[in-house]
Amino acid sequence: MNLAINYSPPAARLLSAGNIRIDLFKTPDWNWLVDEALKLRPVAVHFTLDSGNGDIDGTDWEAVADLLEKTRTPFVNLHLDSRRDYYPDIPLDSTRSLDRKRITETLISDVTSVVERFGCERVIVENSPYRVEAGSTLRACVEPEIITQVVEETGCGLLLDISHVLLSAYYMGMAPEIYFSRLPVRHIKELHFAGVQKIDGVFTDHLPVTESDWVWLDWGLEKIRSGEWSKPWLLAFEYGGVGPELAWRTDTAVINKQVPQLIEHLDKLGI
């Protein structure tokens, strides 16, 4: 399994100095940033594509294909993220069967459209974080049973974000291990991980890893080692980045300390 970290200037400097060891940089689908990262390591592009809102066909697919070829990224990722702006008549926390059916059908339609373009073996869907009124994501699109239905009906793979599971499970009032157990874990193709902490009363991710976060990473890695979960091609440490949204979560000292810790956790289980 390859190890990646979000590209950031501090991570680039640490890598160039030999302080950290990674296989790839993970970047958003920004050509200029991809070019910058490629000077140091291969790049795994994380596309800013959302499914579940009925507008996926407006995507510039030539640009997507160009980035896939340029970086040799194996998958087109889609976020399962039905948002309030597209469903103003559905409450964020709705569990009504008609609302769930409507959102499920749109998710499947959007993912199917991409599968038909690239093939099911090249498409992966990511579980989004749900925070009720602190976010804009509708509960239905993060329900593990609906995620499983999307994967099974479209034939795509799963990009499992551990931190997003912890957030969603908390706000749904569900134990994380129950949430994990209801996901299509035999279809995992990629894994994301970062720290989760409460900031201003709201649980937030893309933060330094705490002791409780390490527990869940080790729990998941053991599932992979035992064969209960399929082995992903990549584990991405989603800490740090470029731009104002991530600048306050990009600390050189954190990267310098926690990338080697990640490697220790992987080595401990021989993954």
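Residues numbered from 1 in each chain as written. Predicted model: local features only at pLDDT ≥ 70, side-chain atom pairs only at ≥ 80, totals over all residues. Heavy atoms only, no water.

1. Details of helix H8 (residues 211-226)
In an α-helix there are 3.6 residues to a turn, and that puts residues three or four apart on one side.
Then comes step 1: Its 16 residues give H8 an end-to-end C-alpha distance of 23 Å, which sits within 8% of 22 Å, the value for a rise of 1.5 Å per residue.
Then comes step 2: For H8, the full list of buried residues reads Asp213, Trp214, Trp216, Leu217, Asp218, Gly220, Leu221, Lys223 and Ile224.
Then comes step 3: Elements in contact with the buried residues of H8: helix H6 (162-172), helix H7 (176-181), strand E8 (188-193), strand E9 (195-199) and helix H10 (252-268).
Then comes step 4: Of the residues flanking the end of H8, it is Gly227, one or two places downstream, whose phi is positive at about 90°. (Helix = DSSP H or I, 4+ residues; strand = E, 2+ residues; numbered from the N terminus. Expected span 1.5 Å × (residues − 1). Buried < 20%, exposed > 50% of the residue type's maximum accessible area, 1.4 Å probe, protein only. Contact = heavy atoms within 4.5 Å.)

2. A word on the nonpolar core
Then comes step 1: Ranked by internal contacts, the top residues of the largest apolar core, which has 80 residues, are Leu160, Tyr179 and Val259.
Then comes step 2: In terms of residues, this core owes the most to one element, helix H4 (residues 97-118), which gives seven residues.
Then comes step 3: Listed in part, the five residues of the second largest apolar core include Leu24, Ala44, Leu234 and Ala236. (Core = buried A, V, L, I, M, F, W, Y, C linked by side-chain atoms within 4.5 Å.)

3. Here we look at the sheet that holds strand E5 (residues 76-80)
Then comes step 1: Here we have nine strands laid out as an open sheet, ordered E3-E2-E1-E11-E8-E7-E6-E5-E4, and parallel in their pairing. For this open sheet the edge positions go to strand E3 (43-46) and strand E4 (50-51), each flanked by a neighbour on one side alone.
Then comes step 2: Note: E5 against strand E6 (residues 123-127), five bridges, orientation parallel. Bridge assignment links Asn77 to a residue of E6, and that residue is Ile124.
Then comes step 3: This element, helix H2 (residues 31-38), spans strand E2 (24-28) and E3 of the sheet and lies at about 170° to E2. (Pairing = 2+ DSSP bridges. Axes fitted to C-alpha atoms, helices over the stretch in contact; angles between N-to-C directions.)

4. Side note on the state of the cysteines
Then comes step 1: What the rule picks out here adds up to zero disulfides.
Then comes step 2: Cys120 takes part in no disulfide bond, and the closest cysteine sulfur to it belongs to Cys156, at a distance of 8.3 Å.
Then comes step 3: Residue classification places Cys120 among the partly exposed residues on the basis of a relative accessible area of 33%. (Disulfide = S-S within 2.5 Å.)

5. Considerations on the pairing of strand E11 (residues 234-237)
Then comes step 1: Side-chain alternation along E11 places Leu234 and Ala236 on one buried face and Leu235 and Phe237 on a second face that is also buried.
Then comes step 2: Sheet topology places strand E1 (residues 2-6) next to E11; four bridges connect them, and they run parallel. Bridged to Leu3 within E11 is Leu235.
Then comes step 3: Two elements, E8 and E11, share four bridges in a ladder whose sense is parallel. Bridge pairing links Leu191 to Leu235 in E11.

6. Comments concerning the pattern of salt bridges
Then comes step 1: Following the criterion strictly, the structure yields 14 salt bridges and no others.
Then comes step 2: One salt bridge in this structure joins Arg102 and Asp89, with 2.9 Å as the shortest N-O distance. Taken together, the positions of Arg102 in helix H4 and Asp89 in the loop between E5 and H4 put the pair 13 residues apart, joining distant regions of the chain.
Then comes step 3: Measuring nitrogen to oxygen at the nearest pair gives 2.6 Å for the salt bridge that ties Arg100 to Glu143. Here the residue Arg100 occupies a position in helix H4, and Glu143 occupies one in the loop between E6 and helix H5 (144-154), the gap between them amounting to 43 residues.
Then comes step 4: Within the structure, one salt-bridge network assembled from shared partners comprises Arg100, Arg139 and Glu143. (Salt bridge = Lys/Arg side-chain N within 4 Å of Asp/Glu carboxyl O.)

7. Structural notes on the side chain of Glu238
Then comes step 1: Positionally, Glu238 belongs in the loop between E11 and helix H9 (244-247).
Then comes step 2: A polar atom in the side chain of Glu238 sits 3.0 Å from the side chain of Lys26.
Then comes step 3: Residues within four places of Glu238 in sequence aside, it is in contact with Asn6, Lys26, Asp161, His192, Phe193, Ala194 and His206. (Polar contact = N/O pair within 3.5 Å; in protein donor to acceptor, adjacent residues only side chain to side chain.)

8. Some details on the side chain of Arg139
Then comes step 1: Looking at the secondary structure, you find Arg139 in the loop between E6 and H5.
Then comes step 2: You can call Arg139 buried: its relative accessible area is 19%.
Then comes step 3: The residues contacting Arg139, other than those within four sequence positions of it, are Leu92, Asp93, Ser94, Thr95, Tyr130 and Met172.

9. Focus on the packing of H2 against helix H3 (residues 61-71)
Then comes step 1: Relative to each other, H2 and H3 sit at 0°, their axes nearing to 12 Å. Considering their axes alone, H2 and H3 lie roughly parallel with respect to each other. Residue-level inspection shows Asn31, Val34, Asp35 and Leu38 of H2 in contact with H3, the latter providing Leu67, Lys70 and Thr71.
Then comes step 2: Of the residues that constitute the contact of H2 with H3, the class distribution is three nonpolar, two polar and two charged. (Parallel < 35°, antiparallel > 145°, perpendicular 65-115°, else oblique. Nonpolar A, V, L, I, M, F, W, Y, C, P; charged D, E, K, R; others polar.)

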